[in-house]
Amino acid sequence: MFDQQEFTRRRFVSLGAAAAVTSMATSAAAADSSRGQVTDQGMLNVLAFGARRDGVSDDTAAIQKALDEAGKYNGSVFLPEGVYRCSELQVPAGVGMHGLPTSSYSRGMGTILKLANGDARCLINLTGAYGAYLFGLCLHGGDLQGGAHGILVDKPDYGTQEDTPRIDMCRVEHFTGDGIRLERIWCFCVRHSHAFLNKGCGLRIRGWDGFILDNWFSGNGKAGFVAYDENASNTLTGNRIEWNREGGIVIHGGNHYNITGNYIDRSGRIGIAVLPRDGDKGSHTLAVTGNVIYRSGKPDWGRGDAFDSAHVRFESVKGLAFTGNAMNSGRDDGGKGEYSPEYCIIVKQLEHSVIKDNVMFNGALKQLVLDQGGHGPEVIIKDNVGSLRNGL
């Protein structure tokens, strides 16, 4: 019978990421002929299934064959360094894909999967891949037209069990759809990853129970993080969210959020926007604290309406705590471009909420706090100190 202990991620996890990557690199250099397809960490090596990793050959069939084999045992697949040209890959439930996670800010290195077909829905499909794990992969969309996403979950409904995919130490770039698109997701984790220069959003979710930790969402054509549809119970901590054309963090009608310790820089519109969904579905129970929000509302990227030049905008929210954040206006790198934003804080139709003890040094050009009224009971807006930027 197959030795499942040899074939699982347990030894990988127990070694820790750094030790495991070192061990995988050694196994990639010298395959054990007595074990054939399996590395010394119990993972299937895609090279044994015919992958060429030369950036020219189509490696789709070889990688999918390895994934399907791993799916029989809830095992893992190892992709050594190289460029794998491929179309959509379907990850089975309980399967890990492990690469060698190296990249600079501007380009991926190590294990690179490059999209071969612009008509594909995505490069890696995690729909139905309950408990799947992606580690150390650089995914490149090649700017191929067609709207393909880098990583996709696209379920018709929420189902009866948690999805629990984990996306870790991955780079997702140059897709004409979203970098990561999770539709009707239920329990997930995205951490230590970089969504970069995608035409859509960096990370778009529809669902709940997510941990979004220690990521870069940079230079995307829409928002860095966005939830347009039903969404709740998500934690965003320690992320750098920068230079995204349609905003940093954008939440429509979301509940039970913890947004803490993020750095949000040069958003095209709002740094953090919590807005109603479908016109009247508001949000409730959000803690937003300890964030640094810098030079939001980049003027030359356009606006959705007259109030899109602000660091934060809260509308139709109940149970909001916005405290201990620091905001500052600015312009493009190198002293170029126009200063922004016009406003620091815009609020409208709040209930049982506190906006207090925030700092806005040189915070905005026009007004620090724009209160548009319409509030319900128990709304406290006070002790927010700062200054307008002068001498432009």
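Cut-off values and rules
- Residues numbered from 1 in each chain as written.
- Predicted model: local features only at pLDDT ≥ 70, side-chain atom pairs only at ≥ 80, totals over all residues.
- Heavy atoms only, no water.
- Helix = DSSP H or I, 4+ residues; strand = E, 2+ residues; numbered from the N terminus.
- Buried < 20%, exposed > 50% of the residue type's maximum accessible area, 1.4 Å probe, protein only.
- Core = buried A, V, L, I, M, F, W, Y, C linked by side-chain atoms within 4.5 Å.
- Contact = heavy atoms within 4.5 Å.
- Phe/Tyr/Trp six-rings, centres within 6.5 Å; stacked < 30°, edge-to-face > 60°.
- Pairing = 2+ DSSP bridges.
- Patch = residues over 30% accessible without salt bridge, like charges linked within 9 Å, V, L, I, M, F, W, Y side chains within 5 Å.
- Areas by Shrake-Rupley, 256 points an atom, 1.4 Å probe, with all protein chains shown as cover.
- Salt bridge = Lys/Arg side-chain N within 4 Å of Asp/Glu carboxyl O.
- pLDDT = per-residue confidence, 0-100.
- Expected span 1.5 Å × (residues − 1).
- Polar contact = N/O pair within 3.5 Å; in protein donor to acceptor, adjacent residues only side chain to side chain.

### Some remarks on the overall build of the chain
Then step 1. Summing up its helical and strand segments, the chain has 3 helices and 36 strands in all.
Then step 2. Counting all 392 residues of the chain, 53% fall into the buried class.

### Re the nonpolar core
Then step 1. With 74 residues, the main nonpolar core has M97, L113, I124, L126, I272 and F314 as its most contacted residues.
Then step 2. Contact partners of I124, with chain neighbours within four places excluded, come to L89, V91, M97, L134, L137, L139, G150, I151 and L152.
Then step 3. Counting 7 residues, the second-largest nonpolar core is a separate cluster that includes I270, A273, Y343 and I346.

### Points about the packing of aromatic side chains
Then step 1. Enumeration according to the criterion identifies 7 aromatic pairs in this entry.
Then step 2. Ring centres of Y133 and F135 lie 6.1 Å apart, and the angle between their planes is 35°; this geometry places the pair in the tilted category.
Then step 3. Taking the relative accessible area as the measure of exposure, Y133 reaches 11% and is therefore buried.
Then step 4. On the numbers, 6.2 Å between centres and 50° between planes, the contact of F307 with Y343 is tilted. Here F307 is found in the loop between β26 (292–294) and β27 (310–323), whereas its partner Y343 is found in strand β31 (residues 343–351), with 36 residues between them in sequence.

### Looking at the side chain of E173
Then step 1. In this fold, E173 is placed in strand β13 (residues 171–173).
Then step 2. Non-local contacts of E173, meaning those with residues more than four positions away in its chain, are made with S106, R107, G108, L139, H140, G141, F196 and N198.

### Overview of the pairing of strand β8 (residues 122–125)
Then step 1. Direction of pairing for strand β5 (residues 89–90) relative to β8: parallel, over a ladder of 2 bridges. If you follow L89 over to β8, its bridge partner there is I124.
Then step 2. Inspection of the sheet shows β8 paired to strand β11 (residues 149–154) by 3 bridges, in the parallel sense. Its bridge partner lying in β11, N125 is registered against L152.

### Remarks on a nonpolar patch on the surface
Then step 1. Together, V359, F361 and V385 make up a nonpolar patch on the protein surface, roughly 290 Å² of accessible area in all.
Then step 2. With respect to the helices and strands, F361 occurs in strand β33 (residues 359–364).
Then step 3. The exposure class of F361 is exposed, given its relative accessible area of 54%.

### Regarding the confidence of the model for the chain
Then step 1. Per-residue pLDDT for the chain averages 91, and the proportion of residues at 70 or more is 90%.
Then step 2. Every residue in residues 1–36 is under pLDDT 50, and counting partners more than four places away or in other chains gives 57 contacts.

### Section: helix α3 (residues 60–71)
Then step 1. When the terminal C-alpha atoms of α3 are compared, their 16 Å separation across 12 residues agrees well with the 16 Å that a helix rising 1.5 Å per residue should span.
Then step 2. Among the residues of α3, T60, A62, I63, Q64, A66, L67 and A70 are the ones counted as buried.
Then step 3. Buried-residue contacts for α3 involve β1 (44–45), β2 (54–58), β3 (76–78), β4 (82–86), β5 and β6 (96–98).

### Considerations on the pairing of strand β16 (residues 203–213)
Then step 1. Here 10 bridges tie strand β14 (residues 180–191) to β16, and the two strands are oriented parallel to one another. Looking at β16, one finds that I180 is bridged to L203.
Then step 2. Alignment of β16 against strand β18 (residues 225–227), held across 2 bridges, turns out to be parallel. When the sheet's bridge partners are listed, R204 is paired in β18 with V226.
Then step 3. Pairing of β16 with strand β19 (residues 231–237), which is carried by 6 bridges, proceeds in the parallel orientation. Considered in β19, the bridge of F211 is made with T235.

### Some thoughts on the pattern of salt bridges
Where charged atoms from two side chains of opposite charge approach closely, those side chains can pair.
Then step 1. Counted by the stated rule, this structure contains 25 salt bridges.
Then step 2. Linking R266 and D332 is a salt bridge whose minimum nitrogen-to-oxygen distance equals 2.8 Å. Here D332 lies in strand β29 (residues 330–332) and R266 lies in the loop between β23 (263–265) and β24 (272–275), a separation of 66 residues in the sequence.
Then step 3. In this structure, K356 engages D357 in a salt bridge whose closest nitrogen and oxygen atoms are separated by 2.9 Å.
Then step 4. Of the residues examined, D357 reaches a relative accessible area of 38% and is grouped as partly exposed.

### Quick notes on the environment of N325
Then step 1. Within the fold, N325 resides in the loop between β27 and β28 (326–328).
Then step 2. In this structure N325 comes out as buried when scored by relative accessible area, which is 1%.
Then step 3. Placed 63 residues apart in sequence, N325 and N262 show a C-alpha to C-alpha distance of 9.8 Å.
Then step 4. Ignoring any residue separated from it by four or fewer positions in sequence, one finds N325 in contact with V288, T289, G290, N291, D357, N358 and V359.
Then step 5. Polar side-chain contacts of N325 include one of 3.2 Å to the backbone oxygen of T323.

### Some points on the side chain of S340
Then step 1. Positionally, S340 belongs in strand β30 (residues 336–340).
Then step 2. Its relative accessible area of 1% is what places S340 among the buried residues.
Then step 3. For S340, the side chain forms a polar contact with the main-chain oxygen of G297, separated by 3.3 Å.
Then step 4. In this structure, S340 is in contact with R266, R295, S296, G297, K298, P299, S329, G330 and L365, ignoring residues within four places of it in sequence.

### A few points about the environment of A116
Then step 1. Here A116 is to be found in the loop between β7 (111–115) and β8.
Then step 2. Distance from A116 to L144, taken between C-alpha atoms, is 8.5 Å for residues 28 residues apart in sequence.
Then step 3. The residues touching A116, leaving out its near neighbours within four places in the chain, are R85, C86, S87 and L144.

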